[in-house]
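So you can see what is in the structure, the chains are spelled out below.
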Amino acid sequence: VNAIHLKDYIAPSFLVNHVDLEFILEPKKTIVTSWLKLTRNPDVGGPLVLDGDELRLLSIKVDGKLLETSKYAQDNSSLTVDGLPDTCVLEIKTEIDPALNTQLEGLYLSGGNFCTQCEAEGFRRITFYPDRPDVMATYTVTMHADLKSHPVLLSNGNLIDQGVGKNGKHWARWHDPFPKPCYLFALVAGDLACYEDSYHSGSGQDVALKIFVEHGNEDKCAYAMDALKRSMRWDEERFGLEYDLSIFNIVAVSDFNMGAMENKSLNIFNSKCVLASSDTATDLEFERIEAIVAHEYFHNWTGNRVTCRDWFQLSLKEGLTVYRDQEFTSDMRSAPVKRIQDVRTLRARQFPEDAGPLSHPIRPETYIEINNFYTATIYEKGAEVIRMMQEILGRDGFRKGVDLYFERHDNQAVTCEDFVVAMEDANDVDLKHFRLWYSQAGTPEVDTTWSYDEVNKSFTLNLTQYTPVAHGQEGKRPLHIPMTVGLVGRDGKDLPLILEGEEGKQGETSKTLRFDQEQQSFTFISVDQCPVPSINRNFSSPIKLSTTYSDDDLRFLMENDSDAFSRWDASQNYATRLVLRMVKTIQEGTELEYDSNYAQALARNIADETLDPAFLAQMLSLPSIDYVAEQMQVADFAAVDQARTFLKAGIARELYEQFLELYMCGKENTAYSPDAVSAGKRAIRNVALGFLGTLKNDPKGLDLIVGQYEVSDNMTDRMAALTLLASMEGEVGEKALKSFEQRYSHDTLVMDKWFAVQAISKIPDTLGQVKNLLTHPAFSYKNPNKVRALIGSFTGANPAKFHADNGEGYRFLADSIIHLNGINPQVASRLLSPLGGWRRMDGNHQKMMKAELQRILDTENLSKDVFEVASKSLA
Ligand code: HT7
Ligand code: ZN
């Protein structure tokens, strides 16, 4: 299997100025004809090499003349044409079978509708083409289809002509005036309903907005549409970026490998990321829809107008666009809560990835299958790197850099380096050292100690950084880390900060230090009392921080830190500490003891009426089992689960009255609204209910849960109750699950929640239940949402069950991957990561996990996707 290397990049030998495409759409036999207007790239010699995958070549013509077979050569992944004139029109006719396409890459069918997915390398499954992002062309697309079964015909750009043909056929022609790489090409043909609106831009342009969905789902589009309009406005106001066409379409499909795709003016979405109503979507799903709609829309500039030179630069568009969507959500909702959620995701997904066998820098240097590199590192760590630049340059400086980036690179395919250079040039700064974040993998670990000098009234913070050797990368160097700190005085208020050497400056209360050596000390002067330092405020850098905080310090910060993120982080830190102490006790076989100090600090937060309920809900949410286990040398998921449950039940017992009151007082009699304030109120009530639910033999709590399940008028509350009930053995859980199934059996997206809630259940035989559900009529291996809901939730979100001592969780995952390898390799390989964590397990678990990885590798016809992840995981 061949690996691709960044160092081997060479520019394309031919450029494509314009593409004409014609599709005669039939489910089992679609004929695609392309006319490529080619020009030789004067800088590069060699023949024209086109990519192709699972295509049947019918004919090739050059400038209208049939090409003899001796003039071209074909293998199973390319078509090479030699001796072409420097400019010509190459006409290629191919045949494809969309009905057979279960990989969901290229042209495929979803619920009988034709749709495409071309990123990263799906266009080569439609026609022979230089399938690389640095070949940018304008497109004209003509499609013919059956009028009755496929009345809606869409592609990128503007509809320029359409008509009705013979034999019940019709056709449409679209033209996209913006040059684009082929990964942004899209086509949809189907029987779809349309939800319409319009947008009036700041400069006075009207844009027609349309969301196409399966008939019957029109009433679930309003929220996505509103999110789209707010995104368009926000991008104008925050970045001065306006939409550039008079039409913007979104199509929702049921079968989709990821969340959504930013094809120029024709975004295609997983229906899960569009459709929402109070009865079908939870608050978190509403929030996710808002963020994904925004993300795809923002790609119009960061990704489409300025795209990537090659796929090693993926974070150029993804990290930057994630950063933009995070900022959008912060502005739409609560900024601290958004930051907390993003850090939770980073710690849950990116940190383990960066510490494991698949660790890679945000600009990787090699890959086997690019689909495996749509990772938390490229996306989430990539966004953190952008955020650090904005922290270093300030908001205005960052904006100047972005402006210059667009001024220089509009309509170009560029590199991460080009982005950093624009930041430097616009601000006249040197980011040479900072660039290391692009090429060095691994999460830096920062150790801090501090001392207060009573006599000189000074406070010194000592920082040491170290990045562990990640897979394949030795010799880590210190990074340029922007470290935001504050000093909290005994009265709980921030002290003014004056750094030694900056005496003349007015004391701010938060300061971003430039920490760029292995060891550095920072001394603050005129500190009139011994403070508690608040370090890495707002998570100014994506690091693992190790401190010498006492329990008292953590409680103090939990109650006083003016930085909401650090206040929450102190709470997480403290709870993690407690759970780890209890794990030790469990492993030693001694009796667990409950420490009530943590609950008392939480109680003081509950009593603080100035706190936003959404933030309080975060304060009260304990760190996950995975997160705590991640802090151990040898992970023991069962013990962490037991200790965490013990702590949660202890807090519930101690703060029983407070939780009851939180639950009762938050009750609202108004109709459901998905806005952030209302969602925050539901969040805190459901957190309270979750605590009450941990108390066995508490009829009052159980009544509240059952009552909430039965009477709630929205999916957030119903799901919160069902999640608790599904983990209860016996009739009460079964009854609720049955009633939910009956109520929502007609709604495929809601049924995914029903699968997921059973897969994460704590009942003794969860795996048996999951296996039974594989034969449920609503389950299908061909639908990625179903696979992720049932198999992915069990293997990725139920660690205590997945790591069962008998190894049956591992066996189940390997069986599922082997089966899915033949259906959808992308989905199969994305399921693999839990097995890659074997190094952190004890010897017995290690052996079983490795055996399953080996069994996967021994499978015949293994896809590149699964091979790459499984082999790297085992290495
Ligand atoms: N840019 C999009 C990535 C994507 C994708 C990648 C591989 C295979 C299928 C895919 N579907 C979408 C989504 C985004 O980041 O906006
Ligand atoms: Zn994206």
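Predicted model only: the values in this text are computed from it and were never measured. (Residues numbered from 1 in each chain as written. Chains lettered and ligands numbered in written order. Predicted model: local features only at pLDDT ≥ 70, side-chain atom pairs only at ≥ 80, totals over all residues.)

Asker: Help me understand the overall build of the chain, please; the structure alone is not making it clear to me.
Answerer: The helix and strand inventory of the chain stands at 26 helices and 32 strands. In terms of overall size, the chain behaves like a compact globule, its C-alpha atoms giving a radius of gyration of 28 Å where 875 residues would be expected to give roughly 29 Å. Projecting the C-alpha coordinates of the chain onto the three principal axes gives extents of approximately 90 × 70 × 60 Å. Counting across all 875 residues of the chain, residues that qualify as buried make up 50%. (Helix = DSSP H or I, 4+ residues; strand = E, 2+ residues; numbered from the N terminus. Rg over C-alpha atoms; globule rule 2.2 N^0.38 Å. Buried ≥ 20, exposed ≤ 12 C-beta atoms within 10 Å, placed from the backbone.)

Asker: Quick question: what am I supposed to make of the sheet that holds strand β7 (residues 72–74) here?
Answerer: Within a beta sheet, neighbouring strands are joined by backbone hydrogen bonds and run either parallel or antiparallel to one another. Taken in spatial order, the 3 strands of this open sheet run β4-β8-β7, and their pairing is antiparallel. Looking at which strands have only one partner, the edges of the open sheet turn out to be β4 (48–51) and β7. Neighbour-to-neighbour, the strand axes of the sheet open up by a mean angle of 15°, direction not taken into account. As paired elements, β4 and strand β8 (residues 78–81) share 4 bridges and run antiparallel to each other. The residue of β8 that forms the bridge with D51 is S78. (Pairing = 2+ DSSP bridges. Axes fitted to C-alpha atoms, helices over the stretch in contact; angles between N-to-C directions.)

Asker: What's the story with the domain arrangement of the chain in this structure? I'm lost.
Answerer: Accessible area lost on assembly of the parts is the figure often given for the size of an interface. Partitioning the chain into domains gives domain 1 (16–298), domain 2 (311–439), domain 3 (447–541) and domain 4 (747–875). Measuring from the centre of the C-alpha atoms in domain 1 to the corresponding centre in domain 4 gives 32 Å. On the side of domain 4, 13 residues touch domain 1, which itself brings 12 residues to the contact. By residue class, the composition of the side of domain 1 that touches domain 4 is 3 nonpolar, 7 polar and 2 charged. (Domains from an automatic or database assignment. Contact = placed C-beta atoms within 7 Å. Nonpolar A, V, L, I, M, F, W, Y, C, P; charged D, E, K, R; others polar.)

Asker: Even after reading the chapter, I still don't get the pairing of strand β14 (residues 158–164), so can you show me in this structure?
Answerer: On a regular strand, each side chain points to the face opposite its neighbour's, so the side chains alternate between the two faces of the sheet. Sparse coverage of β14 is indicated by the burial of 0 of its 7 residues. In this sheet, strand β15 (residues 169–180) lies alongside β14 in antiparallel orientation, the contact comprising 6 bridges. Considered in β15, the bridge of L159 is made with W174. Linking β14 back to β15 in an antiparallel pair, the connection comprises 4 residues, with N167 at a positive phi of about 55°.

Asker: When you look at the site of ligand 1 in this model, what are you seeing that I'm missing?
Answerer: What surrounds ligand 1 is a group of 15 residues, the closest being E119, N257, M258, M261 and Y374. Among the elements of the structure, β20 (260–261) and α2 (283–298) are those that each provide at least two residues to the shell around ligand 1. A per-class count over the shell around ligand 1 returns 5 nonpolar, 6 polar and 4 charged. Taken together, domain 1 (16–298) and domain 2 (311–439) each give at least three residues to the shell around ligand 1, which thus spans both. (Near = placed C-beta within 6 Å.)

Asker: For this particular structure, what's the right way to read the sheet that holds strand β26 (residues 458–466)?
Answerer: The 5 strands lie next to each other as β28-β30-β26-β25-β32, forming an open sheet whose pairing is mixed. At either end of the open sheet lies a strand with only one pairing partner, and these are β28 (498–499) and β32 (544–546). As paired strands, β28 and strand β30 (residues 519–525) are joined by 2 bridges and run antiparallel to one another. Each bridged residue has a counterpart across the sheet, and for L499 the counterpart in β30 is F524.

Asker: Even after reading the chapter, I still don't get the packing of helix α8 (residues 551–560) against helix α10 (residues 597–607), so can you show me in this structure?
Answerer: α10 packs onto α8 with a crossing angle of 15° between their chain directions and a minimal axis gap of 9 Å. As far as their axial angle goes, α10 and α8 are roughly parallel. Note that α8 runs across α10; the crossing there is right-handed. Packed against α8, whose contacting residues are D551, R555, M558 and E559, the element α10 presents N597, A601, R604 and N605 at the interface. Looking at side-chain class alone, the contact of α8 with α10 contains 2 nonpolar, 2 polar and 4 charged residues. (Parallel < 35°, antiparallel > 145°, perpendicular 65-115°, else oblique. Left-handed = near helix turned anticlockwise from the far one by under 90°.)

Asker: Looking at this structure, I do not really get the pairing of β15. What am I missing?
Answerer: Note that strand β12 (residues 137–146) and β15 share 9 bridges and pair antiparallel. Of the residues in β15, the one forming a bridge with A137 is K180.

Asker: Would you explain the nonpolar core in this entry?
Answerer: Residues V188, A224, V251, A252, I268, V274 and I289 are the most contacted members of the largest nonpolar core, which totals 250 residues. With 11 residues, helix α5 (residues 376–409) is the largest single contributor of residues to this core. In this structure V188 touches N113, F114, C115, V152, L154, V251, L266 and I268, once residues within four positions along its chain are discounted. (Core = buried A, V, L, I, M, F, W, Y, C linked by C-beta atoms within 7 Å.)

Asker: Which parts of the structure should I look at to understand the UniProt feature "domain: Aminopeptidase N-like N-terminal" (unreviewed entry) in the chain?
Answerer: Residues annotated in UniProt with the feature "domain: Aminopeptidase N-like N-terminal" (unreviewed entry) correspond here to residues 59–184. Counted over residues 59–184, helix gives 0% and strand 52%. Its end C-alpha atoms are 25 Å apart. (UniProt positions renumbered as here; feature names shortened; annotations may be inferred.)

Asker: So what exactly am I meant to see when it comes to α10 here?
Answerer: By the burial criterion, the buried members of α10 are Y598, A601 and L602. Mapping the buried residues of α10 onto a view down its axis gives an arc of 100°, with all of them on the same face. Turned more than 90 degrees away from the buried face of α10 sit R604 and A607, all of them exposed. On its buried face, α10 is in contact with α8, α9 (564–588), α11 (613–619) and α13 (637–654). (Arc of directions from axis to C-beta.)

Asker: Quick question: what am I supposed to make of helix α25 (residues 843–857) here?
Answerer: Residues lying three or four places apart along an α-helix face the same way, a consequence of the helix completing one turn every 3.6 residues. Helix length check: α25, at 15 residues, gives a terminal C-alpha distance of 21 Å against a target of 21 Å (1.5 Å per residue), a fit within 8%. Buried-residue contacts for α25 involve α23 (808–821) and α26 (864–874). (Expected span 1.5 Å × (residues − 1).)

Asker: I keep staring at the UniProt feature "domain: Peptidase M1 alanyl aminopeptidase Ig-like fold" (unreviewed entry) in the chain and nothing clicks. Help me out?
Answerer: UniProt tags residues 442–547 as "domain: Peptidase M1 alanyl aminopeptidase Ig-like fold" (unreviewed entry). The distance separating the terminal C-alpha atoms of residues 442–547 is 20 Å; by composition the span is 0% helix and 44% strand.

Asker: Can you help me understand the environment of L266 in this one?
Answerer: Of note, L266 is situated in strand β21 (residues 266–270). By C-beta crowding, L266 is classed as buried, having 27 other C-beta atoms within 10 Å. Between the alpha carbons of L266 and L184 there is a distance of 9.0 Å; along the sequence they are 82 residues apart.

Asker: Got a minute to help me understand the environment of E445 in this structure?
Answerer: Along the chain, E445 turns up in strand β25 (residues 445–453). Overall, E445 belongs to the partly exposed group, with 14 C-beta atoms counted inside 10 Å. The residues touching E445, leaving out its near neighbours within four places in the chain, are Y466, P468, I543, K544 and S546.

Asker: Please clarify how the packing of helix α15 (residues 676–693) against helix α17 (residues 715–726) should be interpreted in this entry.
Answerer: Closest axis-to-axis distance for the α15/α17 pair is 10 Å, and the angle between their directions is 15°. In terms of axis orientation, α15 runs roughly parallel to α17. Between α15 and α17 the crossing geometry is right-handed. From α15, R682, N686, L689, G690 and G693 reach across to α17, where they touch T716, D717, A720 and L724. When grouped by side-chain class, the residues that make up the contact of α15 with α17 number 3 nonpolar, 4 polar and 2 charged.

Asker: Sorry, what's going on with unusual backbone geometry here?
Answerer: Along the chain, E119 connects to A120 via a cis peptide bond; the corresponding omega equals 0°. In this fold, A120 is placed in the loop between β11 (113–117) and β12. For D63, which is not glycine, the phi torsion reads 45° and is therefore positive. Looking at where D63 falls in the secondary structure, it is placed in the loop between β5 (56–62) and β6 (65–66). Here D63 falls in the exposed class, since 12 other C-beta atoms lie within 10 Å of it.

Asker: Hey, could you run me through the environment of C115 in this one?
Answerer: Following the sequence through the fold, C115 ends up in strand β11. Residue classification places C115 among the buried residues on the basis of 25 C-beta atoms within 10 Å. Taking C-alpha positions, C115 is 9.8 Å from S155, a pair spaced 40 residues apart along the chain. Aside from chain neighbours lying at most four places away, what touches C115 is Y108, S110, V188, V251, V253 and I268.

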